[in-house]
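Chain and residue survey
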Amino acid sequence: MRFQARHKHVIDLIFPIALFFVFAVSAFSVLILAADIYGSTTDRLRTNDENRTALSYITEKIRQNDFNGAIGAVSIDDTDCLTLSAVYNGTPCTTYIYVYDGILKELFINDGIPVSLKDGRDIMQISSLTIDRLTDHVYLFTAVDTSGTESSVIASERSVP
C-alpha cells in the first residue's frame, strides 16, 4: 500500500484567515450599528420623557385643584403662569406654575403678597412653556424641552362654576 504525500498549499492557510477576518468585520459592524441605534433611541426617550413629565405634572396639578373655577392663566413679567387658586385655613392662596430661567417652577403664595418668579420651587429643566386659553375653561399647554422638542397637551376644567 502506498500513501500519497499531502502537499500543503498557501490557500490552506489564507482561506481560514480570510474567513475569520470577514467574520470579525461583520461582528464589529453589527456592534457599531447596534450602539448607534441604542444611542439614538435613548436620546429620543429622554427628550420625550422631559416634555411628557412636565406636561403630566401640569395636568395633574389641574386635576388636583379643579374646583369652583380655581384654574386660570396670567402673565407676570412677560412669563405665562398657570394659576391655581384655593383657600387654606381661611386664607386665600394661589399656586403659580411657570418657567423661569429654563426651569419649570411652582410658587405657592398667599393672595395679596407680591409675586417674585425667582422665588419658586424648582421642578425640572425645560426651555419654555406657553399657555393658551382656547375657551373659558380649556387650555393648551406647549412645552419645549432642553433639546428643542416641542410637545402640547390640552387640559380643561371639569368643575365649572
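Residues numbered from 1 in each chain as written. Predicted model: local features only at pLDDT ≥ 70, side-chain atom pairs only at ≥ 80, totals over all residues. Heavy atoms only, no water.

1. Regarding a nonpolar patch on the surface
How we decide: Any residue with relative accessible area above 30% and no salt bridge may belong to a patch, with like charges joined within 9 Å and the nonpolar Val, Leu, Ile, Met, Phe, Trp and Tyr side chains within 5 Å. Each accessible area is a Shrake-Rupley result for a 1.4 Å probe, and residues are judged covered by the shown protein chains and nothing else. Take a side-chain nitrogen of Lys or Arg and a carboxyl oxygen of Asp or Glu: if they are within 4 Å of each other, that pair is a salt bridge. Helical segments are the DSSP runs of H or I of at least four residues, strand segments are the runs of E of at least two, and each set is numbered from the N terminus. Burial classes follow relative accessibility: with a 1.4 Å probe on protein chains only, a residue under 20% of its type's maximum area counts as buried, one over 50% as exposed, and anything between as partly exposed.
Together, Val10, Ile11, Leu13, Ile14, Phe15, Ile17 and Leu19 make up an exposed nonpolar region whose accessible area comes to about 740 Å². Structurally, the position occupied by isoleucine 14 is in helix H1 (residues 11-64). Classification of isoleucine 14 by relative accessible area gives partly exposed; the value is 45%.

2. Comments concerning unusual backbone geometry
Residue aspartate 77 is not a glycine yet carries a positive backbone phi of 50°. By the secondary structure assignment, aspartate 77 is in the loop between strand E1 (71-76) and strand E2 (79-88). By relative accessible area, aspartate 77 is classed as exposed at 64%. For aspartate 101, which is not glycine, the phi torsion reads 55° and is therefore positive. Take aspartate 101: its relative accessible area is 68%, and that puts it in the exposed class.

3. Describing the sheet that holds strand E8 (residues 150-156)
Rule in force here: By the convention used here, strands pair only if DSSP detects at least 2 bridges between them. Axis geometry follows a simple rule: fit a line to the C-alpha atoms, using only the stretch in contact for helices, then measure angles between N-to-C directions, giving values from 0 to 180 degrees.
Strand order in this open sheet of three strands is E6-E7-E8, and the pairing throughout is antiparallel. Strands with a single pairing partner mark the edges of an open sheet, and in this sheet they are strand E6 (128-135) and E8. Across the sheet, the axes of successive neighbouring strands diverge by a mean angle of 20°, strand direction being ignored. Summarising the sheet, E6 and strand E7 (residues 138-144) pair through seven bridges and their orientation is antiparallel.

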